[in-house]
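Single-letter residue listing:
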Amino acid sequence: HSAVHSFPTRRSSDLSGVLVETAGSLAAMAHARTLEHSAVGTELSVSHLRPPHGHQVIATATAVHLGKRTTTHIVEIVDDEGRICAIGRMTCQVI
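As a starting point, this report considers the structure included with it. (Residues numbered from 1 in each chain as written. Predicted model: local features only at pLDDT ≥ 70, side-chain atom pairs only at ≥ 80, totals over all residues. Heavy atoms only, no water.)

1. Overview of unusual backbone geometry
Phase 1 of the analysis: Phi is positive for Glu36, close to 60 degrees, though the residue is something other than glycine.
Phase 2 of the analysis: One can find Glu36 in the loop between α1 (12-34) and β2 (39-48).
Phase 3 of the analysis: Glu36 sits in the exposed class, given a relative accessible area of 75%. (Helix = DSSP H or I, 4+ residues; strand = E, 2+ residues; numbered from the N terminus. Buried < 20%, exposed > 50% of the residue type's maximum accessible area, 1.4 Å probe, protein only.)

2. A word on the pairing of strand β5 (residues 84-94)
Phase 1 of the analysis: Judged from the 9 bridges that link them, β2 and β5 form a sheet pairing that is antiparallel. Residue pairing for β5: Ser45 is matched across the bridge by Arg89.
Phase 2 of the analysis: Between the end of strand β4 (residues 70-79) and the start of β5, which pair antiparallel, lie 4 residues, with Gly82 showing a positive phi angle near 80 degrees. (Pairing = 2+ DSSP bridges.)

3. What about the side chain of Thr72?
Phase 1 of the analysis: For Thr72, the location among the structural elements is in strand β4.
Phase 2 of the analysis: By relative accessible area, Thr72 is classed as buried at 13%.
Phase 3 of the analysis: Here the side chain of Thr72 touches Thr91 through a polar contact of 3.3 Å, side chain to side chain.
Phase 4 of the analysis: Ignoring anything within four residues of it in the chain, the contact list for Thr72 reads Thr62, Ala63, Val64, His65, Arg89, Met90 and Thr91. (Polar contact = N/O pair within 3.5 Å; in protein donor to acceptor, adjacent residues only side chain to side chain. Contact = heavy atoms within 4.5 Å.)

4. Looking at the nonpolar core
Phase 1 of the analysis: Membership of the largest hydrophobic core is limited to 11 residues, which are Leu15, Leu19, Val20, Ala23, Ala27, Val57, Ala59, Ala61, Val75, Ile77 and Ala86.
Phase 2 of the analysis: Met29, Ala32, Ala39 and Met90 belong to the second-largest nonpolar core, a separate cluster that totals 7 residues. (Core = buried A, V, L, I, M, F, W, Y, C linked by side-chain atoms within 4.5 Å.)

5. Some points on the environment of Thr70
Phase 1 of the analysis: Tracing the backbone shows Thr70 in strand β4.
Phase 2 of the analysis: Every residue in contact with Thr70, bar those within four places of it in the chain, is listed here: His65, Cys92, Gln93 and Val94.
Phase 3 of the analysis: Within the structure, the side chain of Thr70 is placed 3.2 Å from the side chain of His65, a separation counted as a polar contact.

Listed below in structure tokens is the structure:
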């Protein structure tokens, strides 16, 4: 599963972690619901690469592991110019 979300631009250090956690958690929940379960975050890692330009950023979560007990998603945050501003990894436990 993957999730894509659009958000107004602010300082990248303020929002990047929140965006990675939000997109990764929503994607993990989508997977967990197919198993009739829920998901909670267990690990978050974010690298801030550059400040965003433009009026919004898009966070895209891509699954790298969808298991019965855990999920891991890579999340890219891209600005209006198509530049990657931050990249993160979110791991969730399926409960």
